Amino acid sequence: MELLSRHLVENEAFLKSTFIDCPDVIFRSFLIGKETKALLIYTEGLANIEEIDKNVLSPLMQQETEGIPDIQAVLEQKLSVSKVKPVTDTKQTVQEISSGNPVMLIDQQLPGITIGLAKWEKRAIEEPMAESVVRGPREGFTETISVNISLLRRKIKCPNLKMKSLVVGRYSQTQIVYMYIEGIVDQHLLDEVHNRLNRIDIDGVLESGYIEEFIEDYPYSPFPQILNTERPDVAASGLLEGRVVILVDGTPIVLIAPISLYSLFQASEDYYQRFMIGTLIRWLRYILLLIALVLPSTYVAILTYHQEMLPTTLLLSIAKSREQIPFPALIEAVIMEITFEAIREAGIRLPKQVGSAVSIVGALVIGQAAVSSGLVSAPMVMVVAITGVTSFAIPRYNASTAIRMLRFPMMAAAGTLGLLGIMLGILAIIVHLNTIRSFGVPYLSPMAPMKGAEMKDVLIRAPWWSLKKRPRLTGYSNTNRQPEGQKPNPLKGTE
Amino acid sequence: MLERGKISALQMAFMMNPTILATGLLLVPAITAKTAKQDLWLSPIWASFIGFMIVFVAYRLHKLYPKETMFEYSEQILGKIPGKMVGAIFVFYYFHVTGIIVREYGEFISGTFLHQTPMVVVFSTMIIVSAMAVYGGLEVIGRCSEMIVPVLLVLYLVIFVMLLKDLDTKNFFPMLENGLGPSLKGSVVLQSWFSEFILVSFFFPYLRDHDKGMKWGMISVFSVMFYMVLTNVMALLLFGKLTASLTYPVMVAARYISIAEFLAHLESIVIALWVAGTFIKITVFYYVLVLGIAQWLKLSDFRSIVLPIGFLLVLFGVWSAPNLQVLSHFLSTSAPFYLLSIQAGIPVILLIIAWIKKKRQQMKGKLIG
């Protein structure tokens, strides 16, 4: 670590050689008073030039007093900026300039001063795209980490909300902040998060997905072991349950760890609507999850091996529609599923103007032409369509991608071993889910290992007044969420 | 310690249920009906006594050597070489028995389900999934059974309820026509299933709540007995005297189910559920075999031998019997004595010797003191 020199000329030479061919870094020399040389360095587009002119340059340049001004005096009397910080070494100076904070160096004076006047164009807070709700806050995280931190601070206005910051990415120098609530979070979890984040050595971090892949427990699992969200309320509820929230600069997606599988099937709105509908919708999601996973494979298995399971009339109508189809059920299913995945992918990637064309072509090709030309049967189109719709009902996108991927091996198993293959596939998935952990928390908790009391946030969505405890595996240093006996009762307080 | 994971006593109880019941439910009604006739529902009750006894013996041994499994304390009780020999008996025994279980599974699947699929494929697909669980260790097996078994137990009751309309209670009579004799004779074969409860002695050292081990062990013996009685009652009331001539009465029973004229022929679903139970059974035996070999050979980690042993189990499945008739004959004639002498005989002898040794040491202690 090299320290800044007392001589301005040396510092200027060093910085100019560092920022050679960086025309966006501006060096502005000026005099404080009559003879003291000073230098202001900032990056164009990242610094608030109006504020610099008004509150830094003009008071200093209009200084009348003679002699060399003391740096402390400059800070205390002249610089009408609230956020200033001393810098002593060259590395830090370079970093501050790169991240947008203007740095002022004064000849024969140490330390240098960074002025917190970074300002750049940022997106306004908007409604999150991927997680929309009918009832609930409409704000979403943005690409700016300071805004995201403020959004969380607005939700939890308590000094116990702590955060630790670190910089990852040798070139990108991305700021990463992990937040937690002191007194709820488990210290071991915190140490583990700290260690895993500090182990990362990468050239650049452009999205929180980079971080997620570096810190998860089982990299070869199709299931996400870290929750990602762009909703501050989801992040705040994670904090309140003793989880750690990891924010990465430059992306609106924040990470929450540890999680269990069930967190992936809970939408924030479950907790805002009335609890009965919350429970029913939760159950609906579990059923839809199962359908999304096994419907095409079950159809293949029944048609190939277990025709006797179908009632005769249904079997006859399916057989009639399959009369002209040249493919066995498995091939038919795979073709249709791949087509569906292609249309879905095209729908996401294509520019919006072309998107509607894709859906028209998709609907015509899949729905009409394929059936009438006798390439696929109508029931198969229905099966694929139902599967597609059900997989959209899973609230977390990365959980539904896991199901999408697993659907294909399940179809292969069903095509070779029938229902036995499906059962073995499901067993293999259960074994795998029981093997993996998220930051040491078993992935299927509280179902296995069984925690009876916590089931009421998994099997049902219990009303808020009965959710007295936090999940034990994440928040066991402080398990009580709220006191007993808060069930509403009109007679309360009258006696 | 080889196994670092811990399970709860409840998980152990859940593991033991399908471990006894999975193959039992298929074969028990027909086998007991042959000797016990219409009193077959009494046989599981008599047979369960051996289950209670074995859990008790295993728990006593566990109290004497709290941190060890049978492979380890047999050396302490009998001395190095005889102890190793007992270990060898158990290793080869579990190889053989797991092979038989895999074979039972394969015979059933190819007999009812996949007639043309080679049996080796049926074996090996199951062994691969089991190997995944064994590789994960005891914790994973415990959690899997905690998830799967309650569902299976409830669905089994649902089957029973759906069959209620077809049951004919007259089949119970004449009750105890020839005294208790036939039902006691019928229980002999069942005892070999109940003697499999000696598996709990391999789980006791890894219980998180040691003191509840005995309680939950006994509860799971009771639950196994309950389900066997239920199965036998179901078979008896549904088929009467026919029970003995059917190979898999429960599967035939499942064919009777029809819900709202739409969901008929549920036996495929019943088979799929049964496969889940058998998965637990094979995994538990497979795990004990792998753990036992690792402890017997004093390996530092059992994960490296999971796959080789899985391969051997497929071979043992092929080799254990030429066909279903021979297998079923073996199971209903010589197997009970074979299974009982190893699963009940050896632990009882071990416990007696251990007690004598302890008494002697106390005597010596008194003499010196």
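Not measured: the values here are computed from a predicted model. (Residues numbered from 1 in each chain as written. Chains lettered and ligands numbered in written order. Predicted model: local features only at pLDDT ≥ 70, side-chain atom pairs only at ≥ 80, totals over all residues.)

Draft legend 1. Up close: the overall build of chain A. Counting its secondary structure elements, chain A contains 14 helices and twelve strands. A compact globule built from 495 residues should have a C-alpha radius of gyration of about 23 Å, whereas chain A, at 30 Å, is more than 25% larger. Dimensions of chain A, computed from the C-alpha atoms along their principal axes, are close to 105 × 70 × 40 Å. Burial analysis of chain A (495 residues in total) assigns 37% to the buried set. (Helix = DSSP H or I, 4+ residues; strand = E, 2+ residues; numbered from the N terminus. Rg over C-alpha atoms; globule rule 2.2 N^0.38 Å. Buried ≥ 20, exposed ≤ 12 C-beta atoms within 10 Å, placed from the backbone.)

Draft legend 2. Looking closely at the overall build of chain B. Along its length, chain B carries 14 helices and two strands. Taking 21 Å as the expected radius of gyration for a compact globule of 369 residues, we find that chain B reaches 21 Å, a close match to that expectation. With respect to the three principal axes, the spread of C-alpha positions in chain B is 75 × 45 × 35 Å. Counting every position in chain B, which comprises 369 residues, the buried fraction comes to 51%. Intrachain contacts of chain B at a sequence separation of at least 6 include 84% that bridge at least 24 residues. (Contact = placed C-beta atoms within 7 Å.)

Draft legend 3. Main features of the interface of chain B and chain A. Contacts between the two partners involve 24 residues from chain B and, on the opposite side, 23 residues from chain A. Taken together, the elements giving at least two residues each to the side of chain B that touches chain A come down to α5 (119-136), α6 (138-163) and α11 (267-296) of chain B. Taken together, the residues that form the side of chain B that touches chain A break down as 17 nonpolar, five polar and two charged. (Nonpolar A, V, L, I, M, F, W, Y, C, P; charged D, E, K, R; others polar.)

Draft legend 4. Quick look at the domain arrangement of chain A. Entries for chain A in the domain assignment read domain 1 (8-115), domain 2 (145-259) and domain 3 (285-441). For the side of domain 2 of chain A that touches domain 3 of chain A, the class distribution of residues is nine nonpolar, three polar and two charged. (Domains from an automatic or database assignment.)

Draft legend 5. Inspection of the sheet that holds strand β10 (residues 254-257) of chain A at higher detail. Residues and elements named next belong to chain A. Taken in spatial order, the five strands make up an open sheet running β6-β7-β9-β10-β8, and their pairing is antiparallel. Looking at the sheet topology across the chains shown, the edges are occupied by β6 (161-168) and β8 (227-229). Taken pair by pair, the neighbouring strands of this sheet meet at an average axis angle of 25°, ignoring direction. Each of β6, β7 (174-181), β9 (244-248) and β10 touches helix α5 (residues 145-155); the most contacted strand, β7, lies at about 10° to it. On the sheet, helix α8 (residues 232-240) packs against β7, β8, β9 and β10 and is oriented at approximately 50° with respect to β7. (Pairing = 2+ DSSP bridges. Axes fitted to C-alpha atoms, helices over the stretch in contact; angles between N-to-C directions.)

Draft legend 6. Representation of the pairing of strand β4 (residues 103-106) of chain A. Residues and elements named next belong to chain A. Covered by surrounding structure in β4 are V103 and L105 together with M104 and I106, the residues of both alternating faces. Bridge count for strand β2 (residues 36-43) against β4 is four bridges, and the pairing is antiparallel. Across the sheet, the residue bridging to A38 is I106, located in β4.

Draft legend 7. Up close: the packing of α5(B) against helix α12 (residues 306-319) of chain B. All names here are of chain B. Viewed as axis vectors pointing N to C, α5 and α12 meet at an angle of 150°, and their least axial separation amounts to 10 Å. The angle between the axes of α5 and α12 places the two elements in the roughly antiparallel class. The interaxial crossing formed by α5 with α12 has right-handed handedness. Counted together, V120, F123, S124, I127, A131, V134 and Y135 of α5 and V306, L307, G310, L313, V314, G317 and V318 of α12 form the full contact between these two elements. Of the residues belonging to the contact of α5 with α12, the class tally is eleven nonpolar, three polar and no charged. (Parallel < 35°, antiparallel > 145°, perpendicular 65-115°, else oblique. Left-handed = near helix turned anticlockwise from the far one by under 90°.)

Draft legend 8. Region of interest: unusual backbone geometry. All names here are of chain A. The omega torsion of the bond from A257 to P258 falls at -10°, within 30 degrees of zero and hence cis. For the bond from S445 to P446, the omega torsion is 5°, close enough to zero to count as cis. As for its placement among the helices and strands, P446 is situated in the segment after β12 (441-442). Positive phi, close to 60°, is recorded for D21, a residue that is not glycine. Among the structural elements, D21 can be located in the loop between α1 (8-18) and β1 (25-32). Its identity is not glycine, yet F439 carries a phi of approximately 50°, on the positive side. With respect to the secondary-structure elements, F439 resides in the loop between β11 (437-438) and β12.

Draft legend 9. Molecular detail of the nonpolar core. The biggest cluster of nonpolar side chains holds 206 residues, and the ones touching the most others in it are A:V245, A:I246, A:L420, A:M423, A:L427, B:M12 and B:V290. The element that contributes the greatest number of residues to this core is helix α14 (residues 397-435) of chain A, accounting for 19 residues. Of all hydrophobic cores here, the second largest spans 21 residues; its members include A:L15, A:A47, A:L60 and A:V74. (Core = buried A, V, L, I, M, F, W, Y, C linked by C-beta atoms within 7 Å.)

Draft legend 10. Representation of helix α13 (residues 378-392) of chain A. With 15 residues, α13(A) extends 22 Å from end C-alpha to end C-alpha; this agrees with the ideal 21 Å at 1.5 Å per step. The set of residues buried in α13(A) consists of A:M380, A:V381, A:V383, A:V384, A:T387, A:T390 and A:S391. (Expected span 1.5 Å × (residues − 1).)

Draft legend 11. Spotlight on the confidence of the model for chain A. Per-residue confidence for chain A averages 87 on the pLDDT scale, and 97% of its residues sit at or above 70. For chain A, the element scoring lowest by mean pLDDT is helix α3 (residues 71-78) of chain A, at 73; β9(A) scores highest, at 94. (pLDDT = per-residue confidence, 0-100.)

Draft legend 12. View of helix α7 (residues 208-215) of chain A. Residues and elements named next belong to chain A. Those residues of α7 lying buried are S208, I211, E212 and I215. All buried residues of α7 project into a common sector of 105° when viewed along the axis, lining one side. Its buried side turned inward, α7 meets β7, α6 (187-199), β8, β9 and β10. (Arc of directions from axis to C-beta.)

Draft legend 13. Examining the environment of B:H62 more closely. All names here are of chain B. Topologically, H62 is positioned in helix α2 (residues 43-64). Taking the C-beta count within 10 Å as the criterion, H62 has 24 such neighbours and is therefore assigned buried. It is 39 Å that separates the C-alpha atoms of H62 and L236, two residues lying 174 residues apart in sequence. Excluding anything up to four places from it in sequence, H62 contacts S201, F204, P205 and G213.

Draft legend 14. A look at the confidence of the model for chain B. Mean pLDDT for chain B: 86, with 98% of residues reaching 70 or above. Scored by ipTM, the complex comes to 0.91, with pTM at 0.90.

Draft legend 15. Quick look at the packing of α11(B) against α12(B). Residues and elements named next belong to chain B. Across the interface, α11 lies against α12 with an axial gap of 10 Å and an inter-helix angle of 125°. As summarised for this structure, α11 and α12 are arranged oblique, according to the angle between their axes. The two elements α11 and α12 cross, and the hand of that crossing is right-handed. From α11, Y286, L289, V290 and I293 reach across to α12, where they touch V306, I309 and L313. Here the contact of α11 with α12 is built from residues that sort into seven nonpolar, no polar and no charged.

Draft legend 16. The arrangement of the pairing of β1(A) in detail. Residue and element names in this part refer to chain A. Pairing analysis gives eight bridges linking β1 to β2, with the strands arranged antiparallel. Across the sheet, the residue bridging to F30 is A38, located in β2. What sits between β1 and β2 in their antiparallel hairpin is a turn of three residues, with G33 showing a positive phi close to 70°.

Draft legend 17. Summary view of the sheet that holds β2(A). Residue and element names in this part refer to chain A. In space, the five strands of this open sheet follow the order β1-β2-β4-β5-β3, with antiparallel pairing throughout. The open sheet is flanked by β1 and β3 (84-87), the only strands paired with a single partner. Pairwise comparison of adjacent strand axes, ignoring direction, gives a mean angle of 25° for this sheet. Most of the contacts of α1 go to β2, to which it runs at about 20°, and overall it touches β1, β2 and β4.

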